[in-house]
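Close look at the chain arrangement
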Amino acid sequence: MTAARPKLEVEKLNAWFGTTRALKDISLGVQARSVLAIIGPSGCGKSTFVRCLNRMHELTPGARSEGTVLLDGEDLFSGGMDPVRLRRRVGMVFQRPNVFPTMSIRENVLAGLKLNGVRGDYETIVQKTLQQTALWDEVKDRLGESGMRLSGGQQQRLCIARALAVEPEVLLMDEPASALDPIATAKVEELIDELKEHYTIVIVTHNMQQAIRVSEYTAFFYMGELIEYGTTKKIFTHPERRQTEDYVTGKFG
Amino acid sequence: MRRRNDPSAGGHAGDQVFAGSLTLFGGGVLVVFGLIVLVCVQLSRPAFAKIGFFHFLAGSDWNPVEDSFGALPFIYGTLVTAAIAIVVAVPVSIGLALFLTEMAPARVRRVVGFFVELLAGIPSVVYGLWGLMVLVPLLRSSVQPALGKAFGFVPLFSGPPLGLGYLAAGLILAIMILPTIASVSVEVLRTMPSSLREGALALGATRWEAIRMAVLPYARRGMLGAVMLGLGRALGETMAVTMLIGNQPEIHASLFAPGYSLASVIANEYAEATGAIHPGALTGLALVLFGVTLLLSASARLLVRLSTGQLRSAA
Amino acid sequence: MKEQADPMAAEMPRAVARRTPSPYRWRRATNAIMTGLCALMVAIAVVPLISILYLVISRGIGSLSLTFFTHLPAPVGETGGGIGNALVGTLYIVGLACFIGLPFGIGAGVFLAERGDGKLGHAVRFTAEVLSGVPSVIIGVVAYGLVVMPMHRFSAIAGAVALGILMVPTLARSTEEMVRLVPRSLREASLALGVPAWKTSLFVVLRTSLGGLVNAALLSVARAAGETAPLLFTALNNQYWNFRPDQPTASLTVQIYNYAISPYEDWHQKAWGAALCLLLLVGLLSLTARALAGRRQTGPA
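Criteria and cut-off values
- Residues numbered from 1 in each chain as written.
- Chains lettered and ligands numbered in written order.
- Predicted model: local features only at pLDDT ≥ 70, side-chain atom pairs only at ≥ 80, totals over all residues.
- Helix = DSSP H or I, 4+ residues; strand = E, 2+ residues; numbered from the N terminus.
- Rg over C-alpha atoms; globule rule 2.2 N^0.38 Å.
- Buried ≥ 20, exposed ≤ 12 C-beta atoms within 10 Å, placed from the backbone.
- Contact = placed C-beta atoms within 7 Å.
- Axes fitted to C-alpha atoms, helices over the stretch in contact; angles between N-to-C directions.
- Parallel < 35°, antiparallel > 145°, perpendicular 65-115°, else oblique.
- Left-handed = near helix turned anticlockwise from the far one by under 90°.
- Nonpolar A, V, L, I, M, F, W, Y, C, P; charged D, E, K, R; others polar.
- pLDDT = per-residue confidence, 0-100.
- Expected span 1.5 Å × (residues − 1).
- Bend = angle between axes of the 7 residues up to and from the residue.
- Pairing = 2+ DSSP bridges.

Below, the discussion takes up the overall build of chain B. Tallying secondary structure elements over chain B gives 11 helices and two strands in all. Secondary structure elements of chain B, listed N to C terminal, follow the sequence α-α-β-β-α-α-α-α-α-α-α-α-α. Here chain B has a C-alpha radius of gyration of 25 Å; the compact-globule value for 315 residues is 20 Å, and the former is much larger. Each principal axis of the C-alpha atoms in chain B carries an extent, and together these give about 85 × 60 × 30 Å. Looking at chain B as a whole, 51% of its 315 residues qualify as buried. Residue pairs in contact within chain B that sit at least 24 positions apart in sequence constitute 76% of those at least 6 positions apart.

Structure (structure tokens):
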């Protein structure tokens with residue numbers, strides 16, 4: 001149906017932790033400016049998969065990967081691709097907020113830019129990203145305060161703003177709301193809905209309702225394998241594979 | 001087509017430089033150790049060449065004027081003062097550690113812990129000053145005469161009560177190594193899983209019995225390590241000992257007699273030692289001291305690590 | 001009324017009395033004795049400390065005066081004079097030592113935290129632990145051989161080298177501990193932003209542990225300031241002011257020693273005064289370290 005080239009193309013991706021294989025021959029495509037939800041029971045390789053996409057997986061001692069990942073046709077694992085520069089194009093938000101404790105809110109947002117010596121209109125960037133994450137009104141009068149003074153939900157939105165300030169093309173989110181209360185979760189989901197107009201988003205979630213709410217496409221992982229991939233509607237209403245059906249109907253996981 | 005993804009592709013020059021600098025700093029520590037060994041061996045060579053290693057160790061005459069150098073008086077003095085220090089400090093430190101971890105309410109624990117930290121921070125020369133002005137007169141006027149009267153028939157307590165001597169130095173050392181033994185023992189006791197103690201208490205043991213049955217057997221190895229660390233400190237402590245030991249390079253049986261320790265003679269004589277033999281002999285003493293404290297330190301830390309590691313795995 | 005002797009009532013008090021067996025009483029007594037003994041140990045430990053602090057303060061405070069802080073020592077036999085050169089000398093030598101010991105110690109500590117899990121790391125860690133138990137006189141001998149002998153003179157720099165080397169082992173271990181405390185998630189957050197690994201280590205990880213590092217550094221400086229033995233034959237002593245690194249220099253600790261072992265009562269008084277100054281200096285450094293450690297928890301206000 002779509003003739004446009006997928007933003008991310010994954011082909012036969014395998015990953016190991018030492019001798020334990022965590023991912024087996026994963027192949028899928030992520031459409032530009034869409035939201036892909038990765039679902040599956042604990043330990044199925046969802047986080048590992050996403051961490052391969054920004055080459056964070058290989059930073060774990062003993063971890064390695066094989067396979068191809070193309071970003072706009074460019075091979076992420078080729079010798080010419082600098083993982084550090086890659087991570088500015090593919091950003092990541094983690095499960096628990098990891099605000100830099102010794103930096104103020106403003107410094108946190110600008111951390112990715114300042115540390116890389118990127119110049120720009122810092123004040124505008126701070127305002128823009130904090131507005132994008134619906135945090136601006138809450139913190140605009142205390143940008144110089146420590147980021148640790150914010151609530152959990154606010155800290156996570158600060159982390160998202162920090163990731164956005166670097167202007168990535170793809171945003172990876174590893175269970176971004178799992179440490180948050182329901183109200184904060186709703187805000188983050190609202191945010192994702194707005195962000196997908198500009199960014200390509202891959203979100204790992206163990207909450208199927210969340211996947212249904214925010215994503216257009218869903219991939220179901222089980223025991224390191226991609227069991228099924230399709231539109232969210234299809235996966236959750238008439239999945240093709242038996243395992244998928246068992247999972248989404250709550251029979252296990 | 002399987003392709004192995006190389007994680008180092010596109011590494012940064014900055015990373016290499018940073019890693020290299022860090023390795024330099026780390027390696028520098030090893031270099032320092034090597035330097036200590038090298039310098040000491042080099043400087044002591046002329047003395048050993050002239051006197052011979054075993055003659056040096058076993059000789060009991062120290063006379064720089066006549067080029068006669070024997071290490072025995074200093075080895076003896078170091079050992080005797082350290083022994084006194086251990087005999088006095090160990091029961092006090094262990095009692096202190098037990099009190100802090102097992103018996104004291106939280107507020108008392110904090111206050112006493114603070115005092116112990118203070119003790120640890122007082123410079124050696126201040127201990128020496130207090131020892132000279134307070135401890136020595138006390139020994140001379142009250143303690144030594146009393147001990148002499150009661151136990152004078154024992155060679156240990158014979159002789160005139162001078163004040164300065166092995167006993168004074170040993171006692172000040174005891175005070176100085178107290179915080180070391182106590183704080184390491186506290187650490188060992190604290191990493192003990194409370195289930196062991198609670199098991200004993202649940203059987204109806206009194207607090208002391210619980211300590212004796214459950215706590216001490218497990219903490220024994222770590223506490224031994226703590227004592228060894230304290231012993232290491234006692235062997236190498238310089239200033240306070242120099243000020244209280246009397247500085248006589250002789251061997252006497254009585255604790256009241258003046259003596260000399262390895263560290264003290266090095267500190268006292270090095271500045272004015274001329275030629276190559278005198279400094280060489282002093283450096284030889286330094287080598288002896290280095291070797292002993294090295295051995296002690298290594299085994300002590302091994303013991304402490306074994307004990308706290310073992311206790312954690314028993315949890 | 002008839003006194004109905006209740007046989008049970010007559011028996012019970014005695015039976016109850018017998019039911020508390022004497023072994024139990026003995027166990028309770030032992031418990032109390034041992035608790036008392038341990039408390040006694042605490043008292044024994046604390047008494048010398050209180051005596052030292054009390055005497056240093058009470059006997060030392062009489063010597064303190066502007067003259068004391070700013071004048072040179074008076075010649076033998078004369079009263080008056082002060083420890084001005086010794087005070088400055090300590091600050092000078094310890095200051096020089098910081099240039100050597102602080103970067104080296106912290107650098108080695110960061111090495112142990114960031115790259116210390118391999119064979120080299122284990123060797124360095126073990127060496128640092130063992131080195132921290134080496135008596136300071138021996139380090140003095142090493143400084144003598146490395147600096148005093150080639151220079152053919154005693155000097156402040158020789159003393160600084162000795163003190164600097166002394167700082168390294170404990171500083172390295174404390175630094176390692178502080179840096180390892182920084183959670184891995186912070187490092188990952190920075191890497192995920194596309195910040196290179198070395199900048200992450202330097203500007204995120206180290207910055208986060210900065211409070212702890214300053215704490216450790218201040219404590220090692222306090223320890224160095226209290227050292228005497230290595231200075232006795234490296235920096236020696238000096239009756240006058242000195243700001244040249246290649247000349248012998250007075251120091252507070254050496255001065256206390258010289259005054260204490262002298263036969264003059266006036267000099268003994270000065271020794272107490274100088275000891276008070278030393279304790280104040282060391283105490284100030286330690287307190288600052290502790291205050292900074294407390295602040296670290298709350299982060300920037």
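Still more ground to cover, so stick around.
Looking now at the overall build of chain A. Counting its secondary structure elements, chain A contains 10 helices and 10 strands. Expected size for 253 residues packed as a compact globule is a radius of gyration near 18 Å; at 18 Å, chain A falls within 12% of this value. If one aligns the C-alpha atoms of chain A with their principal axes, the spans along those axes are about 55 × 40 × 40 Å. Residue burial in chain A is summarised as follows: out of 253 residues, 49% are buried. Sequence separation of at least 24 residues holds for 67% of the intrachain contacts in chain A that already meet a minimum separation of 6.

Residue and element names in this part refer to chain A. Unusually for a residue other than glycine, Arg55 sits at a positive phi of about 55°. Topologically, Arg55 is positioned in the loop between helix H1 (46–53) and strand E4 (63–71). Residue Arg55 is classed as buried on the basis of its 24 C-beta neighbours within 10 Å. One non-glycine residue, Met223, lies in the positive phi region at around 50°.

Helix H5 (residues 119–131) of chain C packs onto helix H1 (residues 13–51) of chain B with a crossing angle of 50° between their chain directions and a minimal axis gap of 9 Å. It follows that H1(B) is oblique to H5(C) by the angle criterion. By crossing handedness, the relation of H1(B) to H5(C) is classed as left-handed. Facing Gly26(B), Val29(B), Leu30(B), Val32(B) and Phe33(B) of H1(B), the residues of H5(C) in contact are Leu120(C), Ala123(C), Val124(C), Thr127(C), Ala128(C) and Leu131(C).

Before going further, it helps to spend a moment on the interface of chain C and chain A. Taken together, the contacts link 18 residues of chain C with 25 residues of chain A. Elements represented by at least two residues in the side of chain C that touches chain A include exactly helix H8 (184–192) and helix H9 (197–208) of chain C. In terms of residue count, the dominant contributor to the side of chain C that touches chain A is H8(C) (six residues). Along the lines of polarity and charge, the residues of the side of chain C that touches chain A split into 11 nonpolar, four polar and three charged.

Quick look at the interface of chain B and chain C now. With 68 residues of chain B at the contact, the number on the chain C side is 73 residues. Ranked by residue count, the leading element in the side of chain B that touches chain C is H1(B), at 19 residues.

This paragraph deals with the packing of H1(B) against helix H6 (residues 136–151) of chain C. Relative orientation of the contacting elements H1(B) and H6(C) amounts to 70°, with a least axis distance of 9 Å. As summarised for this structure, H1(B) and H6(C) are arranged roughly perpendicular, according to the angle between their axes. Packed against H1(B), whose contacting residues are Leu35(B), Ile36(B), Val39(B), Cys40(B), Gln42(B) and Leu43(B), the element H6(C) presents Ile138(C), Val141(C), Val142(C), Gly145(C) and Leu146(C) at the interface. Partitioned by chemical class, the residues of the contact of H1(B) with H6(C) number nine nonpolar, two polar and no charged.

For the rest of this paragraph, the subject is the environment of Arg223(C). Residues and elements named next belong to chain C. Considering the arrangement of structural elements, one finds Arg223 in helix H10 (residues 210–225). Residue Arg223 is classed as buried on the basis of its 21 C-beta neighbours within 10 Å. Distance in space between the C-alpha atoms of Arg223 and Leu166 is 9.1 Å, their sequence separation being 57 residues.

Residues and elements named next belong to chain B. Per-residue pLDDT for chain B has a mean of 86; in total, 94% of the residues score no lower than 70. Mean pLDDT values over the elements of chain B span from 81, in helix H11 (residues 277–314), up to 95, in helix H9 (residues 239–244). Throughout residues 311–315 the model reports pLDDT below 50, and contacts reaching past four residues in sequence, or to other chains, amount to seven contacts.

Once that is clear, we can look at helix H5 (residues 124–151) of chain B. The end-to-end C-alpha separation of H5(B) is 31 Å, well short of the 40 Å expected for 28 residues at 1.5 Å each. By the largest-angle criterion, Leu139(B) marks the main kink of H5(B), which is about 50°.

Residues and elements named next belong to chain A. With eight bridges joining them, strand E1 (residues 8–17) and E4 adopt antiparallel strand pairing. Among the inter-strand pairings, Phe17 is bridged to a residue of E4, identified as Ala63. As judged from the two bridges shared by E4 and strand E5 (residues 74–75), these two strands associate in the antiparallel manner. Counted as the bridge partner of Leu71 is Glu74 from E5. Between E4 and E5, which pair antiparallel in sequence order, lie two residues; one of them, Asp72, sits at a positive phi of approximately 50°.

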